[in-house]
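# Coordinate inspection notes
What follows is each chain in one-letter form.
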Amino acid sequence: MTNTMYIVWAGLIILFAVIEGMTVQLVSIWFVIGSVAGLICSLLKAPVWLQITVAVAVSIIALIITRPIIKKHITPKITPTNADRVIGKVGIVDEDIDNTKAVGLVSVDGQIWSARAQDGELIAKGEQVDVLKIEGAKIIVKKHN
């Protein structure tokens, strides 16, 4: 079997490369690298147990070394905007907030925002509100206590 193991390793390289190409998630690239190491051992006439051991060890080492680096570059970085700083602040209602009519304006830090009430209640012009979050171009508010 040692004489034909290079065929098995070549097949594994192709299989893992195809899986990697289909997923685009970097799930099997380490096994491609390990299979290449197994193929090299096979071509050097190493025993099958050593080929498998080297392939597994190289796959694990490649995973341990490259995964954190790849994850760092793939994970999207969320950049906060200046708009986020209005969350938690108190604003003044400039136009009655009525979710059913999709109307309502609030002034916060000198900026005018379209606003909706968190619980759907009507909030009259002139009342103070707490800004809870931003959804799209609207702030979600509740009456200030």
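Residues numbered from 1 in each chain as written. Predicted model: local features only at pLDDT ≥ 70, side-chain atom pairs only at ≥ 80, totals over all residues. Heavy atoms only, no water.

## Things to note about the packing of helix H1 (residues 5-23) against helix H2 (residues 29-43)
Close contact between H1 and H2 brings their axes to 8 Å; oriented N to C, the two are set at 165°. Between H1 and H2, the angle falls in the class roughly antiparallel. Like other packed secondary-structure pairs, H1 and H2 cross with a definite hand, here left-handed. Residues Met5, Tyr6, Trp9, Leu12, Ile13, Phe16, Ala17 and Glu20 of H1 pack against Ile29, Phe31, Val32, Ser35, Val36, Gly38, Leu39, Ser42 and Leu43 of H2. In terms of residue class, the contact of H1 with H2 is built from 13 nonpolar, 3 polar and 1 charged. (Axes fitted to C-alpha atoms, helices over the stretch in contact; angles between N-to-C directions. Helix = DSSP H or I, 4+ residues; strand = E, 2+ residues; numbered from the N terminus. Parallel < 35°, antiparallel > 145°, perpendicular 65-115°, else oblique. Left-handed = near helix turned anticlockwise from the far one by under 90°. Contact = heavy atoms within 4.5 Å. Nonpolar A, V, L, I, M, F, W, Y, C, P; charged D, E, K, R; others polar.)

## Let's talk about H1
Between its first and last C-alpha, H1 extends 27 Å over 19 residues, near the 27 Å set by a 1.5 Å rise per residue. Every buried residue belonging to H1 is among Met5, Trp9, Ile13, Phe16 and Glu20, and all of these are buried. Taken down its axis, H1 places every buried residue within 90° of arc, on the same side. Facing away from the buried surface of H1 by more than 90 degrees, the exposed residues are Ile14, Gly21 and Met22. Buried residues along H1 sit against H2 and helix H3 (48-74). The positive-phi residue at the C-terminal boundary of H1 is Val24, with phi of around 55°. (Expected span 1.5 Å × (residues − 1). Buried < 20%, exposed > 50% of the residue type's maximum accessible area, 1.4 Å probe, protein only. Arc of directions from axis to C-beta.)

The values are spatial; any link to function lies outside them.
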